[in-house]
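Okay, here's what each chain looks like letter by letter:
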Amino acid sequence: TDACANTDYVLPNSSTGANTYTWDFGDGTPIISGINANPTHRFPNNTGANVVYNVKLVVSNAQNCRDSITRPITVRPI
């Protein structure tokens, strides 16, 4: 998946049955946790080259069963 630096990007999420979502954007910004399944995030990139961030999503349901996935996001510079 590709994103442009400093532009709102809606993170894709196709999980089902979850009621809590914890997002680690992999770019040093604080981890967010709550009921937002598809947060908007602005990835930084002032390097002049593409940067890859590994975004991790951890989901849990009412029974506290958990699952996670990590996907790379390539962020193009501004």
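See the structure printed just above.
Quantities reported herein were computed from a predicted structural model and do not represent experimental measurements.

Peer 1: Can you walk me through the overall build of the protein in this structure?
Peer 2: Summing up its helical and strand segments, the protein has 0 helices and 7 strands in all. Helices and strands appear in the protein in the N-to-C order β-β-β-β-β-β-β. The dimensions of the protein, computed from C-alpha atoms along their principal axes, are 45 × 20 × 15 Å. Relative to its 78 residues, the protein shows a buried fraction of 31%. In the protein, of all internal contacts separated by at least 6 residues, the share reaching a separation of at least 24 is 56%.

Peer 1: Would you mind going over unusual backbone geometry with me for this structure?
Peer 2: In this model, Asn 6 sits at a positive phi of 55°, which is unusual for a non-glycine residue. Looking at the element boundaries, Asn 6 is found in the loop between β1 (2–4) and β2 (9–10). For Asn 6, a relative accessible area of 35% gives the class partly exposed. Phi at Asn 64 is positive, roughly 65°, even though this residue is not glycine.

Peer 1: What is the right way to look at the nonpolar core in this model?
Peer 2: A general tendency of soluble globular proteins is for nonpolar side chains to be buried together. Among the nonpolar cores identified, the biggest contains 17 residues, and Leu 11, Tyr 21, Trp 23, Phe 43, Ile 73 and Val 75 are the most heavily contacted of them. Counting only elements with at least two residues in this core, the list comes to β3 (20–24), β6 (51–60) and β7 (66–76). Top contributing element to this core by residue count: β6, with 5 residues. Apart from residues lying up to four places away in sequence, Val 75 is in contact with Ala 3, Cys 4, Ala 5, Phe 43, Pro 44, Asn 45, Ala 49, Asn 50, Val 51 and Tyr 53.

Peer 1: Looking at this structure, how should I read the side chain of Ser 60?
Peer 2: For Ser 60, the position within the fold is in strand β6. Those residues within four positions of Ser 60 in sequence are excluded, and the remaining contacts are Ala 18, Asn 19, Thr 20, Cys 65 and Arg 66.

Peer 1: Please clarify how the sheet that holds β6 should be interpreted in this entry.
Peer 2: Hydrogen bonds between backbone atoms are what pair the strands of a sheet, whose relative direction is either parallel or antiparallel. An order of β1-β7-β6-β3-β4 is seen for the 5 strands of this open sheet, with the pairing classed as mixed. Unpaired on one side and paired on the other, β1 and β4 (32–34) mark the two borders of the sheet. Averaged over all adjacent pairs, the angle separating strand axes in this sheet is 25°, with direction ignored. Note: β1 against β7, 3 bridges, orientation parallel. Looking at the pairing, Asp 2 lines up with Thr 74 of β7.

Peer 1: Which parts of the structure should I look at to understand the side chain of His 41?
Peer 2: With respect to the helices and strands, the residue His 41 is situated in strand β5 (residues 40–41). Of the polar contacts made by the side chain of His 41, one reaches the side chain of Asp 27; its length is 2.8 Å. Ignoring sequence-local partners within four residues, the contact set of His 41 consists of Thr 7, Asp 8, Tyr 9, Leu 11, Phe 25, Asp 27 and Thr 29.

Rules and cut-offs
- Residues numbered from 1 in each chain as written.
- Predicted model: local features only at pLDDT ≥ 70, side-chain atom pairs only at ≥ 80, totals over all residues.
- Heavy atoms only, no water.
- Helix = DSSP H or I, 4+ residues; strand = E, 2+ residues; numbered from the N terminus.
- Buried < 20%, exposed > 50% of the residue type's maximum accessible area, 1.4 Å probe, protein only.
- Contact = heavy atoms within 4.5 Å.
- Core = buried A, V, L, I, M, F, W, Y, C linked by side-chain atoms within 4.5 Å.
- Pairing = 2+ DSSP bridges.
- Axes fitted to C-alpha atoms, helices over the stretch in contact; angles between N-to-C directions.
- Polar contact = N/O pair within 3.5 Å; in protein donor to acceptor, adjacent residues only side chain to side chain.

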